[in-house]
Amino acid sequence: QVQLVESGGGLVQAGGSLRLSCAASGRTFGNYAMGWFRQVPGKEREFVAAISWSGDNIIYADSVKGRFTISRDNAKNTVYLQVNSLKHEDTAVYYCATRAARYVAWGPADYDYWGQGTQVTVSS
């Protein structure tokens, strides 16, 4: 069974940084694309970033381009999201997800396993 466990969230002031991690198990991690999404209460889950199985193909939401960086370490079965220059509107629960394909996708429906989420709160 596939398990994804996020960590690294917290409370940070506007302009600050965090590094989110997502440890995966139960699937050959290096064969599959990974993504990060976020959600605030009352809103739909929003795409943030995704990375292909090899790390060669990466996509970002326009709202985070230039501030967030997704990366992966296949030897550690872990995907990361470095979040810099945080804004109040980045406050959300951040989820990592995996999909049964090597290449990236934008939509939540394209991913089949999800973590439990980690809260990021940005104070203004």
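See the structure shown above.
The structure presented is a predicted model; accordingly, all values stated were derived computationally and were not measured. (Residues numbered from 1 in each chain as written. Predicted model: local features only at pLDDT ≥ 70, side-chain atom pairs only at ≥ 80, totals over all residues. Heavy atoms only, no water.)

With that out of the way, let us pick up the packing of aromatic side chains. The relative placement of two aromatic rings is captured by the distance of their centres and the angle of their planes. All chains considered together, the criterion is met by 5 aromatic pairs. Ring centres of F37 and F47 lie 5.6 Å apart, and the angle between their planes is 80°; on these two criteria the pair is classed as edge-to-face. Highlighted residues: F37 in strand β4 (residues 34-39) and F47 in strand β5 (residues 46-51), separated in sequence by 10 residues. Take F37 and F47: they sit in the same class, and that class is buried. (Phe/Tyr/Trp six-rings, centres within 6.5 Å; stacked < 30°, edge-to-face > 60°. Helix = DSSP H or I, 4+ residues; strand = E, 2+ residues; numbered from the N terminus. Buried < 20%, exposed > 50% of the residue type's maximum accessible area, 1.4 Å probe, protein only.)

We note that N77 has phi near 55°; this positive angle belongs to a residue other than glycine. When you line up the elements, N77 lands in the loop between β7 (68-73) and β8 (78-83). Even without being glycine, S85 reaches a positive phi, approximately 50°. Along the chain, S85 turns up in the loop between β8 and β9 (92-98).

Right, let's get into the side chain of D90. Topologically, D90 is positioned in the loop between β8 and β9. Assessed through its relative accessible area of 1%, D90 is described here as buried. Reaching out from D90, the side chain makes a polar contact with the side chain of R38 at a distance of 2.9 Å. (Polar contact = N/O pair within 3.5 Å; in protein donor to acceptor, adjacent residues only side chain to side chain.)

Glancing now at the pattern of salt bridges. Throughout the structure, instances matching the rule amount to 5 salt bridges. The partner of D112 in a salt bridge is R27, with the nearest N and O atoms 2.9 Å apart. Of this pair, D112 sits in the loop between β9 and β10 (113-114) while R27 sits in the loop between β3 (18-25) and β4, placing them 85 residues apart in sequence. Between E46 and R38 there is a salt bridge, with the nearest N and O atoms lying 2.8 Å from each other. A single salt-bridge network, built from bridges that share partners, covers R38, E46, R67 and D90. (Salt bridge = Lys/Arg side-chain N within 4 Å of Asp/Glu carboxyl O.)

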